[in-house]
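# Structural description and commentary
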Amino acid sequence: MKVGILGLGTVGGGVVNVLKKNGASIERRTGVNIQVILAAVRDIKQDRICDTSNIKLTEDPFEVVNHPEIDVVLELIGGTGLTKKLVETAIKNGKHVITANKALIAKHGNKLIQSANKNKVRLLFEASVAGGIPIIKSLEQGLSANKIESLAGIINGTGNFILTEMKEKNRDFDDVLKEAQSLGYAEADPTFDVEGIDAAQKLAILAAIAFGTELQFDKVFTKGISNITTEDINYATELGYTIKHLGIAKRVGNGIELRVHPTLISNEELIANVNGVMNAVLVKGDALGTSLYYGAGAGEEATASSVIADLIDIINNQTSNHILGWKSQEKLTVIDTESIDSEFYLRLLVSNMKGVLAKITGIFHQYNVSIEELIQKQIDENNNAHIVIITNKVNTKDIMGIKAAIEASEFNQDNMQIIHVESLD
Ligand code: HSE
């Protein structure tokens, strides 16, 4: 099988290295010799993480997608502009395409898969979600007897690395982000990681596969981790929770919840102990019940593992390329986030005066919201205090009402921090 690669960066270089290391055993497994014959790179003279002595390099990516001998194109450059054109061209030229590009699939996947079906080629994207974890294959194959009820996951390695280092080593957000960039975890624009866009793209893909719907990336409620402070992390710890950045997709009646946001999870839940760049996706199916998929969510060889597994699927002819793995789609409307019921963590900054706590609890009473736990701590010599509250399960609209009422009060000193609290297992 002759392969062409678009991009020899972290993932492309990892693919070449893993094929070099494991090519012989993959050939024994499949009976097919995989040869990377051509790779498009931005600058031919640049140093690489892989040996390119047997690969012809070009600076023209169209040479790869138009090459008559290439059977499969690996799209590992990212982006949605030129890349979309390259993938469309490869498909039209009758080549299978494997991509790690979640942005491309989340935005244009519906059309690209239809085009692949029309041209009788495969478009596979296991590496686009959760790096090396075979979560798409698990949903499409291993869990295919189940009706999926929900999934919840840590699906951005950079964000998880940042939250873990902040919690365990008390490190500064920006300093950890720089390290994540140097380790090759972060996106070219790391705001995609810290503002949750990367996770929202991955969640849209997972939900479409799990529920058999079209991709609905533009409807995912998305909140990043940039406003999570060390104080929030420490208060959560004091209350027995860990803050994780989660993507959650849940079937509710004829609708689905699609949301990405920081979440407090009890330390006793398995997913609370998934640290560093590791990702994990918890899936609830009606036959199997709960199952958990755990592994490296980013990095050279971990992501290469998923790309090459897709190559082997093409060799074995295993994956059918219907619309996102389903022969027909179900129409599930995305539920408006304001109507979602959840427990919440709230952190208020207030003047520490007589009667303030009574006023706050009065506002909670007015909205019929019960307080599960409460911490009060004086934080400075100006007599300002943090009040940290965990609520019972309430409607998001009521929490927004409480936020507005407290922020309008004379004792309030800052915007209220609001973080979801979820139980998953
Ligand atoms: N930037 C992504 C992450 C890479 O940190 O998870 C893998 O998709």
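Residues numbered from 1 in each chain as written. Predicted model: local features only at pLDDT ≥ 70, side-chain atom pairs only at ≥ 80, totals over all residues. Heavy atoms only, no water.

### Some details on the sheet that holds strand β3 (residues 56–58)
The strand order across the open sheet built from six strands is β3-β2-β1-β4-β5-β6, with neighbouring strands paired in parallel fashion. Of all the strands in the sheet, the pair left with one neighbour each is β3 and β6 (123–124). Bridge count for strand β4 (residues 72–75) against strand β5 (residues 96–99) is four bridges, and the pairing is parallel. The partner of L74 across the bridge, within β5, is I98. Here helix α11 (residues 300–316) sits on the sheet in contact with β1 (2–6), β4, β5 and β6, set at roughly 160° to β5. (Pairing = 2+ DSSP bridges. Helix = DSSP H or I, 4+ residues; strand = E, 2+ residues; numbered from the N terminus. Contact = heavy atoms within 4.5 Å. Axes fitted to C-alpha atoms, helices over the stretch in contact; angles between N-to-C directions.)

### Some details on the site of the ligand
Residues in close proximity to the ligand include K102, N156, G157, T158, Y185, A186, E187, D193, D198, K202, G297 and A298, which together make up its full environment. The separation between an oxygen atom of the ligand and a polar main-chain atom of G157 is 2.7 Å. In this structure, a nitrogen atom belonging to the ligand sits 2.7 Å away from a main-chain N or O atom of Y185. Coverage of the ligand by the protein amounts to 93% of the 260 Å² it exposes when considered alone. Taken together, the elements giving at least two residues each to the shell around the ligand come down to α6 (157–169) and α9 (197–211). Broken down by class, the residue content of the shell around the ligand amounts to three nonpolar, four polar and five charged. (Near = heavy atom within 4 Å. Polar contact = N/O pair within 3.5 Å; in protein donor to acceptor, adjacent residues only side chain to side chain. Areas by Shrake-Rupley, 256 points an atom, 1.4 Å probe, with all protein chains shown as cover. Nonpolar A, V, L, I, M, F, W, Y, C, P; charged D, E, K, R; others polar.)

### A short note on helix α13 (residues 396–407)
Here α13 spans 16 Å end to end across 12 residues, near enough to the 16 Å set by a 1.5 Å rise per residue. Considered for burial, the residues of α13 that qualify are T396, I399, G401, I402, K403 and I406. In the core, the buried residues of α13 are packed alongside β14 (341–351), α12 (356–366), β16 (384–391), β17 (394–395) and β18 (417–422). At the N-terminal end of α13, a side-chain oxygen is found 3.0 Å from the backbone nitrogen of K397, two or three residues along, and the residue is N395. (Expected span 1.5 Å × (residues − 1). Buried < 20%, exposed > 50% of the residue type's maximum accessible area, 1.4 Å probe, protein only.)

### Considerations on the environment of R171
The residue R171 is located in the loop between α6 and α7 (173–182) in this model. Under the relative-accessibility criterion, R171 is labelled buried at 19%. Residues R171 and T230 lie 59 residues apart in sequence; the distance between their C-alpha atoms is 8.7 Å. In this structure R171 touches E165, M166, V176 and E179, once residues within four positions along its chain are discounted. Among the polar contacts listed, one links the side chain of R171 to the side chain of D175, at a separation of 3.3 Å.

### Here's the deal with a nonpolar patch on the surface
There is a patch of nonpolar side chains on the surface, built from L270, L292 and Y294 and spanning about 300 Å² of accessible area. Within the fold, Y294 resides in strand β12 (residues 289–296). (Patch = residues over 30% accessible without salt bridge, like charges linked within 9 Å, V, L, I, M, F, W, Y side chains within 5 Å. Salt bridge = Lys/Arg side-chain N within 4 Å of Asp/Glu carboxyl O.)

### Structural notes on the nonpolar core
With 54 residues, the main nonpolar core has L123, F125, I135, L139, L151 and V283 as its most contacted residues. In terms of residue count, α9 provides more of this core than any other element does, 11 residues in total. Excluding anything up to four places from it in sequence, V283 contacts I135, L139, L143, I148, S150, L151, G289, T290, S291 and Y293. Formed by 30 residues, the second largest nonpolar core is a distinct cluster that contains I55, V72, I98 and A100. (Core = buried A, V, L, I, M, F, W, Y, C linked by side-chain atoms within 4.5 Å.)

### Structural notes on α9
With 15 residues, α9 should cover 21 Å at 1.5 Å per step; its first-to-last C-alpha distance of 21 Å lies within 8% of that length. Counting buried positions along α9 yields 14 of 15 residues, so the element is predominantly enclosed. Two residues or fewer past α9, G212 is found with a positive phi of approximately 70°.

### Description of unusual backbone geometry
Its identity as a non-glycine residue notwithstanding, K120 has a phi of 55°, on the positive side. Summarising the element assignment, K120 is placed in the loop between α4 (102–118) and β6. You will see that N383, though not glycine, has its phi angle at about 65°, which is positive. The topology assignment puts N383 in the loop between β15 (371–378) and β16.

### What to know about the pairing of strand β9 (residues 241–252)
Taken across its 12 residues, β9 has 10 buried, putting it largely inside the fold. In the sheet, strand β7 (residues 148–154) pairs with β9 via four bridges, with the strands oriented antiparallel. For A152, the partnering residue across the bridge sits in β9 and is I248. Linking two consecutive strands that pair antiparallel, namely β9 and strand β10 (residues 255–266), is a turn of two residues; a positive phi of about 60° is found at G253 within it.

### A closer look at the packing of helix α3 (residues 82–92) against α4
Two numbers describe a pair of packed helices, the interaxial angle and the distance between the axes. At a minimum axis separation of 11 Å, α3 and α4 run at an interaxial angle of 15°. Viewed along their axes, α3 and α4 adopt a mutual orientation that is roughly parallel. When you trace α3 past α4, the crossing you get is right-handed. Side by side, α3 and α4 meet where T83, K84, V87, E88 and I91 of the first sit next to L104, H108, L112, S115 and A116 of the second. Along the lines of polarity and charge, the residues of the contact of α3 with α4 split into five nonpolar, three polar and two charged. (Parallel < 35°, antiparallel > 145°, perpendicular 65-115°, else oblique. Left-handed = near helix turned anticlockwise from the far one by under 90°.)

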